[in-house]
Amino acid sequence: KLLARLEGRSSLKDLEPYLFAEEGSPVHGHVIEFHGPEGTGKTEMLYHLVARCILPKSGGGLETEVMFIDTDYHFDMLRLVTILESRLVQRTEEMIKQCLGRLFLVNCNSSTQLLLTLYSLENMFCTHPSLCLLILDSISSFYWIDRSNGGESLNLQEMNLKKCANFLEKLVREHHLTLFATTQTLMQRSTNSAENPFPFKPQHETDIDYRPYLCKSWQQMVTHRIFFSKQCNSGSSTAFTVVSCHLKRNHVVKLSFSVAECGVQF
Amino acid sequence: MVVLRAGLCPGLTEEMLQLLRASGIRTVVDFVSSDLEDVAQKCSLSYKALVAVRRVLLAQFSAFPINGADLYEELKSSTAILPTGSSSLDKLLDSGLYTGEVTELMGAPGSGKTQVCLGIAASVSLSLKQHVLFLDSTGGFTASRLCQMLRAWTEDEEEQAALQRIQVVRVFDIYEMLSALQELRDRLSQQVMCSMGPLKIVVIDSVSAVVSPLLGGKQSEGLAIMMQLARELKTLAREYSLAVVVTNQVTRDSSTAPLRPALGRSWSFVPSTRVLVESKEATWDKATTKRVASLAKSPRQPTGIQVELDIG
């Protein structure tokens, strides 16, 4: 176990330079949150990142392994294969299978199962040193069910997610992972500014429809928050926008991208 | 929260349970998240035995990762694309309804959603000879209209057989719907073939009729039940390779804003494909109204494509 950690993880540098406001991101230990309403391209962006990781070096990828935790049966394998096929020069079955062999998928049904699954995955991280990217799509899917199960006490409602967040932090720290998690915009932004504990006011604040609702343990462990939104043009194409914020350093970058057959294009 | 009890897994004896309970470990989560060396010392239990129990509990209650290549193989053999009975709608949906996904048809009352659903049921039953489960929560299902559609496509004997493959269940509130789905799940998992042959599609008309009464107000229980229904539909679609079609109402924020699906933000994340069905007056000929379907959300196609629907 110890040896695997000392050997060091493969690097995720230059995973997607457009998404991050500074050079050399993401580094291990970073926790990046994708936030946005439905249909804004969060899952597409995840496919883009997964493709970047699992493609071989000859195909422009990093040849690293990815663990994808899917909590609402959202993952569309056929779409990922279409993206891989459009990026590979040799589109053979063998190549696709080789790439897909670097991807691990888990489906979780409840926040309790998510927590227990994280515990049992710990072993996998030890035995796979090239597994350095952990994706969780999405961490907010159990929000309403947990809230209803927890009854009147906010503590009970948030307990499972808090434990998950704490354990995720431990995994990220001990195994030098990078974590990407998506959260859905379930509520409208509150108009009462006193209630909004957003620590800084970016210039694009009016564009961002963000109202934090997940537990504090999660909010505190996020290092980058990336907001997704969509503008519908009168023409045929839809433009997606990404606002990437590095929370500790107040760095903000705004970009647009479009989604084509071959995936995300900046 | 699963509570530990004797016999939950081999090695978890009554005496062990007593000792664990004394140090505050009551549920599976408590057990798995505690430091086993600590527990071994405090409860004077064997560390090895505790580790073995932990391994078995995790194997039982957590989800297993599957390799991407294996999943792809599985999907290649189990995914099917079902025809909707309308070639223009098929084109819109990139050749048809994909199994393993939830597809939503949204539209104002009278726009033709039920007609499209009947067309889908008829088409799948007739051309693929597969069984169809139709959950009707609005009372809009009419067997005579279905007969009419089938008669337009084929002759008598086949029509009878096709009708027999469509099972209609009338549900009028969310609990009836959830129990009908649970019954379906039980039947599928036991693979009882007697009355229900190979089932590939579930049509629910409409989901907003049973969910809208739950929403509104400050309680979150309504939203929790809605999300439970969503989870049930997605699990059915994925695990048993079914296509799930639901219909929904539309709302708009103001009279000039574009139409959006009803049931709120949380539901909007559930379907992977969404089609807006509208009925438009043809300006040159007041007698006919044409039905237009546009793609509002899709994992495969760019949105905004519009086609005219030909429903017989």
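From a predicted model like this one, the values you see are computed outputs, not experimental measurements. (Residues numbered from 1 in each chain as written. Chains lettered and ligands numbered in written order. Predicted model: local features only at pLDDT ≥ 70, side-chain atom pairs only at ≥ 80, totals over all residues. Heavy atoms only, no water.)

1. Points about the domain arrangement of chain B
- Taken domain by domain, chain B holds domain 1 (14-61) and domain 2 (78-310).
- Averaged C-alpha coordinates put domain 1 of chain B and domain 2 of chain B at centres separated by 48 Å. (Domains from an automatic or database assignment.)

2. Topic: the interface of chain A and chain B
- Taken together, the 54 residues of chain A in the interface contact 45 residues of chain B.
- Taken together, both faces of the contact between chain A and chain B bury some 4100 Å²; the carbon and sulfur share is 59%.
- Counting every contact that joins chain A to chain B gives 4 salt bridges.
- With a closest N to O distance of 2.8 Å, lysine 76 of chain B and glutamate 93 of chain A form a salt bridge.
- Of all the elements in the fold, those that place two or more residues in the side of chain A that touches chain B are strand S2 (65-70), helix H3 (77-87), helix H4 (93-100), strand S3 (103-107), helix H5 (111-127), helix H6 (143-149) and helix H7 (154-174) of chain A.
- At 9 residues, the largest contribution of residues to the side of chain A that touches chain B is made by H5 of chain A.
- Partitioned by chemical class, the residues of the side of chain A that touches chain B number 25 nonpolar, 18 polar and 11 charged. (Contact = heavy atoms within 4.5 Å. Buried area = accessible area lost by both parts, 1.4 Å probe. Salt bridge = Lys/Arg side-chain N within 4 Å of Asp/Glu carboxyl O. Helix = DSSP H or I, 4+ residues; strand = E, 2+ residues; numbered from the N terminus. Nonpolar A, V, L, I, M, F, W, Y, C, P; charged D, E, K, R; others polar.)

3. Points about the packing of H4 of chain A against helix H5 (residues 68-78) of chain B
- Interhelical geometry of H4 of chain A versus H5 of chain B gives an angle of 125 degrees and a closest axis separation of 7 Å. Relative to H5 of chain B, the element H4 of chain A is oriented oblique. Residues Glu93, Ile96, Lys97 and Leu100 of chain A of H4 of chain A lie in contact with H5 of chain B, whose contacting residues are Gly68, Ala69, Tyr72, Glu73 and Lys76 of chain B. (Axes fitted to C-alpha atoms, helices over the stretch in contact; angles between N-to-C directions. Parallel < 35°, antiparallel > 145°, perpendicular 65-115°, else oblique.)

4. As for the environment of glutamate 38 of chain A
- Counting through the fold element by element, glutamate 38 of chain A comes out in the loop between strand S1 (31-36) and helix H2 (42-54).
- Sequence separation between glutamate 38 of chain A and methionine 221 of chain A is 183 residues, and the spatial gap between their C-alpha atoms is 24 Å.
- Residues contacting glutamate 38 of chain A, with those up to four places away along its chain left out, are Ser268, Phe269, Arg274 and Lys297 of chain B.
- Here the side chain of glutamate 38 of chain A touches arginine 274 of chain B through a polar contact of 3.2 Å, side chain to side chain.
- At 3.0 Å, the side chain of glutamate 38 of chain A forms a polar contact with the side chain of lysine 297 of chain B. (Polar contact = N/O pair within 3.5 Å; in protein donor to acceptor, adjacent residues only side chain to side chain.)

5. Details of the packing of aromatic side chains
Residue and element names in this part refer to chain A.
- One pass over the full model with this rule turns up 8 aromatic pairs over all chains.
- The interplanar angle of 70 degrees and the centroid separation of 5.6 Å between the aromatic rings of phenylalanine 34 and phenylalanine 180 together place this pair among those described as edge-to-face. Highlighted residues: phenylalanine 34 in strand S1 and phenylalanine 180 in strand S5 (residues 178-184), separated in sequence by 146 residues. As far as burial versus exposure is concerned, phenylalanine 34 and phenylalanine 180 are alike and both buried. (Phe/Tyr/Trp six-rings, centres within 6.5 Å; stacked < 30°, edge-to-face > 60°. Buried < 20%, exposed > 50% of the residue type's maximum accessible area, 1.4 Å probe, protein only.)

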